Amino acid sequence: MISKYREMFQYEIDCNKKMLSMLAGVPKDKQSDPLFQRAVSIVDHLVACRENWLIFMTGSDGKMVDWYDTSAKLETMPGRFDAMHATWTSYLASLTDESVNDDFEFFDNVRVLWSIHGQIDQLAGHAHYHRGQVTLIVDLLGGEVVDTDYADYVYERSEKYGMI
């Protein structure tokens, strides 16, 4: 199971880079549109979720960030994503098929027990959802969108699968 999570996170890294590139490519005259800020805030939310959930999952004393910063700046996103990608890659490398089944506790007004694999699944689905929102906004603002489908990711990297 853990090897699949590692592979899927590499796919997520690829998608995040494409998403940031799409957003940066929105025409400059459209970047003052409130929809553009909405997209940047969604991107901020994606990285914040990965940062915050890792604190919960590891039980570290890390500093939580705002879950949804409506004044987030696009310029700060590449560095935050690079740092998050490195941290999560290291975290996933430390997990085993056994430890991915462990539970962790967090507080959301009450004490909650949840599984590592359940939260990893949640974060992956959550990322797809929000990247789709960002892609739609980029399209509405006249930016160029790129495909982030998993099949295309695999086709680009596989000798076995793809166009025949």
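1. Observations concerning the packing of aromatic side chains
Under the defined criterion, the tally for this structure stands at 12 aromatic pairs. Measuring from centroid to centroid gives 4.8 Å for Trp53 and Phe106, while their planes differ by 80°, and the two rings are edge-to-face. Placement of Trp53 in helix H2 (residues 34-58) and of Phe106 in strand E1 (residues 103-107) is noted, with a sequence separation of 53 residues between them. Phe106 matches Trp53 in its accessibility class, with the two residues each being buried. Between the aromatic rings of Trp88 and Tyr91, the centroid separation amounts to 5.4 Å while the plane-to-plane angle is 80°, which identifies the pairing as edge-to-face.

2. A word on the pairing of E1
Only one face of E1 is covered, namely the face carrying Phe104 and Phe106; the face carrying Asp103, Glu105 and Phe107 is uncovered. As paired elements, E1 and strand E2 (residues 111-115) share five bridges and run antiparallel to each other. Among the inter-strand pairings, Glu105 is bridged to a residue of E2, identified as Leu113.

3. A look at the packing of helix H1 (residues 2-24) against helix H5 (residues 150-157)
At a minimum axis distance of 11 Å, the contact between H1 and H5 shows a crossing angle of 100°. Overall, the two elements H1 and H5 adopt an arrangement that is roughly perpendicular. When H1 is examined against H5, the residues Lys4, Glu7, Met8, Gln10, Tyr11, Asp14 and Lys18 are found in contact with a partner set consisting of Tyr150, Tyr153, Glu156 and Arg157. In the contact of H1 with H5, the residues fall into four nonpolar, one polar and six charged.

4. Here we look at helix H3 (residues 77-94)
With 18 residues, H3 ought to run about 26 Å at 1.5 Å a step, and its terminal C-alpha atoms sit 26 Å apart, in line with that. Burial in H3 covers these residues: Met77, Phe81, Met84, His85, Trp88, Tyr91 and Leu92. One face of H3 carries all of its buried residues, which in axial projection span an arc of 135°. Opposite the buried face of H3, by more than 90 degrees, sit the exposed residues Ala93 and Ser94. As for H3, its buried residues are in contact with H1, H2 and helix H4 (116-140).

5. Digging into the confidence of the model for the protein chain
Per-chain confidence: the protein chain averages 93 in pLDDT, with 97% of residues scoring 70 or above. Confidence, read as mean pLDDT per element, is least for H5 in the protein chain (84) and greatest for H3 (98).

About the thresholds
- Residues numbered from 1 in each chain as written.
- Predicted model: local features only at pLDDT ≥ 70, side-chain atom pairs only at ≥ 80, totals over all residues.
- Heavy atoms only, no water.
- Phe/Tyr/Trp six-rings, centres within 6.5 Å; stacked < 30°, edge-to-face > 60°.
- Helix = DSSP H or I, 4+ residues; strand = E, 2+ residues; numbered from the N terminus.
- Buried < 20%, exposed > 50% of the residue type's maximum accessible area, 1.4 Å probe, protein only.
- Pairing = 2+ DSSP bridges.
- Axes fitted to C-alpha atoms, helices over the stretch in contact; angles between N-to-C directions.
- Parallel < 35°, antiparallel > 145°, perpendicular 65-115°, else oblique.
- Contact = heavy atoms within 4.5 Å.
- Nonpolar A, V, L, I, M, F, W, Y, C, P; charged D, E, K, R; others polar.
- Expected span 1.5 Å × (residues − 1).
- Arc of directions from axis to C-beta.
- pLDDT = per-residue confidence, 0-100.

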